[in-house]
Amino acid sequence: MLGWLLAALAVLAQGGTATSPGFSCWKRCGSRWFLCSWPPHGPTSDTSYLLTLCYAMPRLCQQFKAGARTTYTLKHHHIYVLTNVTAWVEARWGDHIHRTPNLTLYLNKAVKMDPPPTTMPFTKTGGRLRLQMPRSSCHHGDRPPQREARFRMMGNSSWTQVMCETVMDEDDSVTCTLGGDSAFEVQLRHKPSHWSSYWSDWSSSIFIPEEILASPVLSYQLGKLGRDGQRVLRLSWQQAPKEQGDVTYTLRVRMLVCRCAKLAEEDAVVLGREVMAHNLTLCGAEYEILLTAANAAGPGPARQLRVPAEQSADLSFKDISMDGGTMTAQWEAPSPGFAYCFEQQPLPGAPKQGICIQRDFPAESIHVERGAWEAPACYRLAVHSWAPVRGWSTFALQHHYASNASLAVPIRINASAGDDAAVLQWSPSPRAACPGALAKYLICHAAEGDNVTCECDPPPLWGRRRVLPAGSCQTTTSSICPDGEADAAASHYTLQNLQPGTAYRVGVWEVTGESEGTCGAWWHFQTKALGAQGAAWKYNLKYLGILLGLPTMAAIYQLSKKRACRLLFPPLPKPMGSKAIQFATGEMNQGQHRPGFVEPSERFSPAELLLKELNPGKELTDTSTWPGTPQPGPGAEELAAACQPGGQKELPFAYRRQEVPSPVGFPLPGSTSCTNHPPSEEEEEGEEEGRHGLHQPLVPIALLISDKPIIIRDEEG
């Protein structure tokens, strides 16, 4: 026993903590009872346990018999708690003694806290879990308690344990890194910062939903501004996925141009998970809408929507005037209110804050607003009123173009469109870019010298023009009655049913909400006369004749060219397709004598020569009267005798050998003119071609192949 005491004192003198697995002694926060517990050893029925405590100051030891129990409760006033103590447990059964390792404690700080609560607020962003944990009553000093967290993804069984960071404040802010934006199951525990304290038990599970990383997909439908000065904005969005848990939606509405100090700048509407649409009632001013989805992990990014200001409405001011650089606007309140906001926005330009007037006003009250303007410029004027029941509504809305320029429009006149029409063209007016500032254009014209003034009822309009209201006609000596109108977006107009060759004056005028709709004709032009139109038709016919004559002449030229080529250059004979080479049966006899190569041809039968046979019916009887008529020579007489019936006289040698043409008056070789039968149709066609073609006689080709000359003729001709 003494040896054990000396060993315990030696450990206490060295300092530090001696841990003993399973053996602990601690007290609850604010309690005076210590609970010591250890694991069982030996047989359950025969084992007894002895708890020993040895103190550093005073140097003494205490023993407590626990019997067969594995726990023992120490009373606060029976032990020393303000000093270090070394404790161990001995288990005895039979002759066996088992001693646990030594445990060194400072009993007054050996505190085990209760598990952390699970109802504390938390957020999670970027995988980092932030919790607001209440301060424990056991905590004393400047050092925050130590905290741990273990987590696992939904559906997993294994835990991941991490240390958490603690920032001391009115409530301790604890941050634990989970390392993901998915849904987790988290448990926490903590302990005081003293080395003798114990970790608390793990808390119940806290379910952390999936983070909302994207803002809701928002769609909207904006209605028109009604006569009550309000419009409806219908918002709709998609439902959040189930992994994000219980999601709530928050709508924040803010009017940008009017921020009255005592009125609520923002109206927040909180909607549940099952809501996916909501309607907002707005006035005609510009708004900013923010939609935010939030769950237990925290809010996601907000979706922003800018609702533009209304540009056109049937809510006019009573009067708008401008004197120098000062504007005066007068409006009437249709219903009572508690405050109103007057805005005057230059267009285009950066938005300007409106003027907020916080005072009560009754219905049908008249109000006058003033402001400094720069001309020329377009301004948007509006008055918005607030009342607790209806909220914001618009009482007056109008655009005004500040300018001292004349309403007469410079135009270009095109009178060449016809003798009874003229086209008027002009550049778009600067007022057309100011919504509602330009209503339309008035067009008026009259012939020179006509004293036309505007009457109460305008005359019927021509063409596509429509009858103007009586209010647009003013009876003045300087204006004429408008007979046409054009939209504010138009840039041209056609005058029709004009008199040809007549001088006119014409004018185009702008009509605004404040103007009286008068029209004056300042520009002059003259229509075309009818003679100019006839001359134009002559020129058109001349051009048409030229265009049609050129193709006709080209066609005649092509036809004449082909005819001339055929007459001047007749086609050559084609021996390949003729039957000129013919042999009689007697000529093919093998026993017939063959002449030698240089044997004279006088022995053979005369070759038939082709002669041009004249038609005695068409020739002149007295050929001697024709100049250059060839007279028959001596050779001709011989040829004539050969052609007599029954004559067998041969032709002269020169004619038989085809060296010279046949003399005139003798038939050509092979001709049938020596016979008594009339000529055939083919011969007549050949004679016709000879009369119309070239007068050069045809020289047939004679081949000395047999005992008779062979003549090659073209049968296609």
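A quick note: this is a predicted structure, and the numbers were derived from the prediction, not measured. (Residues numbered from 1 in each chain as written. Predicted model: local features only at pLDDT ≥ 70, side-chain atom pairs only at ≥ 80, totals over all residues. Heavy atoms only, no water.)

Novice: Give a detailed account of the overall build of the chain, specifying residues and quantitative values.
Specialist: Of the regular secondary structure elements, the chain holds five helices and 40 strands. Out of the 717 residues in the chain, the part that is buried amounts to 37%. The long-range share in the chain, meaning contacts at least 24 apart out of those at least 6 apart in sequence, stands at 68%. Element-wise, carbon and sulfur atoms account for 55% of the exposed surface of the chain, whose accessible area totals about 42100 Å². (Helix = DSSP H or I, 4+ residues; strand = E, 2+ residues; numbered from the N terminus. Buried < 20%, exposed > 50% of the residue type's maximum accessible area, 1.4 Å probe, protein only. Contact = heavy atoms within 4.5 Å. Areas by Shrake-Rupley, 256 points an atom, 1.4 Å probe, with all protein chains shown as cover.)

Novice: Could you give me a rundown of the nonpolar core, with the residues and numbers involved?
Specialist: Residues Leu233, Leu235, Trp237, Tyr249, Tyr287 and Ile289 are the most contacted members of the largest nonpolar core, which totals 27 residues. Elements with a contribution of two residues or more to this core: strand E18 (231–237), strand E19 (248–255), strand E21 (277–282), strand E22 (287–295) and strand E24 (303–307). Setting aside anything within four residues of it in sequence, one finds Tyr287 in contact with Arg231, Val253, Arg254, Met255, Leu256, Leu282, Leu305, Arg306, Val307 and Trp392. Of all hydrophobic cores here, the second largest spans 25 residues; its members include Trp38, Ile79, Val85 and Ala91. (Core = buried A, V, L, I, M, F, W, Y, C linked by side-chain atoms within 4.5 Å.)

Novice: Give a detailed account of the state of the cysteines, specifying residues and quantitative values.
Specialist: The final tally for this structure, using the stated rule, is five disulfides. Disulfide partner of Cys25: Cys36, at an S-S distance of 2.0 Å. Since a negative S-S torsion denotes a left-handed disulfide, the Cys25-Cys36 link at about 125° is right-handed. With a gap of 11 residues between them, Cys25 in strand E1 (residues 24–28) and Cys36 in strand E2 (residues 33–37) connect regions that are remote in the sequence. Across the pair, exposure class does not vary: Cys25 and Cys36 are buried alike. One disulfide in the model links Cys378 with Cys434; its S-S distance is 1.9 Å. Across the S-S bond linking Cys378 and Cys434, the dihedral sits near 70°, which makes this disulfide right-handed. With Cys378 in strand E30 (residues 377–387) and Cys434 in the loop between strand E33 (422–425) and strand E34 (438–447), the pair connects residues that are 56 residues apart, well separated along the chain. Its relative accessible area of 7% is what places Cys378 among the buried residues. Between Cys283, a cysteine without a disulfide, and Cys258, which holds the nearest cysteine sulfur, the sulfur-to-sulfur distance is 7.3 Å. (Disulfide = S-S within 2.5 Å.)

Novice: Describe in detail the packing of aromatic side chains, supporting the description with residues and values.
Specialist: Tallying each qualifying case throughout the model produces 13 aromatic pairs. Ring pairs connect the aromatic residues Trp331, Tyr340, Phe361 and Phe395, which therefore count as one cluster. Against the face of Trp159 rests Arg150, its NZ or CZ located 4.7 Å from the ring centre. Lying across the ring of Trp199, Lys191 places its NZ or CZ 5.8 Å from the centre. (Phe/Tyr/Trp six-rings, centres within 6.5 Å; stacked < 30°, edge-to-face > 60°. Lys NZ or Arg CZ within 6 Å of the ring centre and 35° of its normal.)

Novice: Break down a nonpolar patch on the surface for me, citing the residues and quoting the values.
Specialist: On the surface, Leu541, Leu544 and Leu548 cluster together into a nonpolar patch covering about 320 Å² of accessible area. Along the chain, the position of Leu544 falls in helix H2 (residues 530–568). Using a relative accessible area of 45% as the deciding quantity, one classes Leu544 as partly exposed. (Patch = residues over 30% accessible without salt bridge, like charges linked within 9 Å, V, L, I, M, F, W, Y side chains within 5 Å. Salt bridge = Lys/Arg side-chain N within 4 Å of Asp/Glu carboxyl O.)

Novice: Could you give me a rundown of the sheet that holds E34, with the residues and numbers involved?
Specialist: Spatial ordering of the open sheet is given by E35-E34-E37-E38, a layout of four strands whose pairing is antiparallel. Only two strands of the sheet have a single neighbouring strand rather than two, namely strand E35 (484–487) and strand E38 (523–526). Here the average twist between neighbouring strands, direction ignored, is 30°. Relative to strand E37 (residues 503–512), E34 runs antiparallel, the two being bridged by nine bridges. (Pairing = 2+ DSSP bridges. Axes fitted to C-alpha atoms, helices over the stretch in contact; angles between N-to-C directions.)

Novice: Describe the side chain of Ser196, and please don't skip the residues or the numbers.
Specialist: Within the element layout of this structure, Ser196 appears in the loop between strand E15 (184–191) and strand E16 (206–208). A distance of 3.0 Å separates a polar side-chain atom of Ser196 from the backbone nitrogen of Tyr106. Residues within four places of Ser196 in sequence aside, it is in contact with Leu105, Tyr106, Lys109, Ala110 and Val111. (Polar contact = N/O pair within 3.5 Å; in protein donor to acceptor, adjacent residues only side chain to side chain.)

Novice: Can you tell me about the sheet that holds strand E31 (residues 391–402), naming the residues and giving the values?
Specialist: The antiparallel open sheet is built from four strands, whose spatial order is E28-E27-E30-E31. Unpaired on one side and paired on the other, strand E28 (355–357) and E31 mark the two borders of the sheet. Averaged over all adjacent pairs, the angle separating strand axes in this sheet is 15°, with direction ignored. As paired strands, strand E27 (residues 339–347) and E28 are joined by three bridges and run antiparallel to one another. Looking at E28, one finds that Phe342 is bridged to Ile355.

Novice: Can you tell me about the pairing of E30, naming the residues and giving the values?
Specialist: Summarising burial for E30: 10 of the 11 residues are buried, a large majority. The pairing of E27 with E30 spans nine bridges and is classified as antiparallel. In the sheet register, Tyr340 faces E30, and the bridge partner there is Ser385. Looking at chain direction, E30 and E31 are connected through 11 bridges and run antiparallel. Paired with Cys378 across the strands is Tyr401, a residue of E31.

Novice: Could you give an account of the environment of Ala489, with specific residues and numbers?
Specialist: Along the polypeptide, Ala489 turns up in the loop between E35 and strand E36 (492–495). For Ala489, a relative accessible area of 77% corresponds to the exposed category. For the pair Ala489 and Lys440, spaced 49 residues apart in sequence, the C-alpha separation works out to 8.1 Å.

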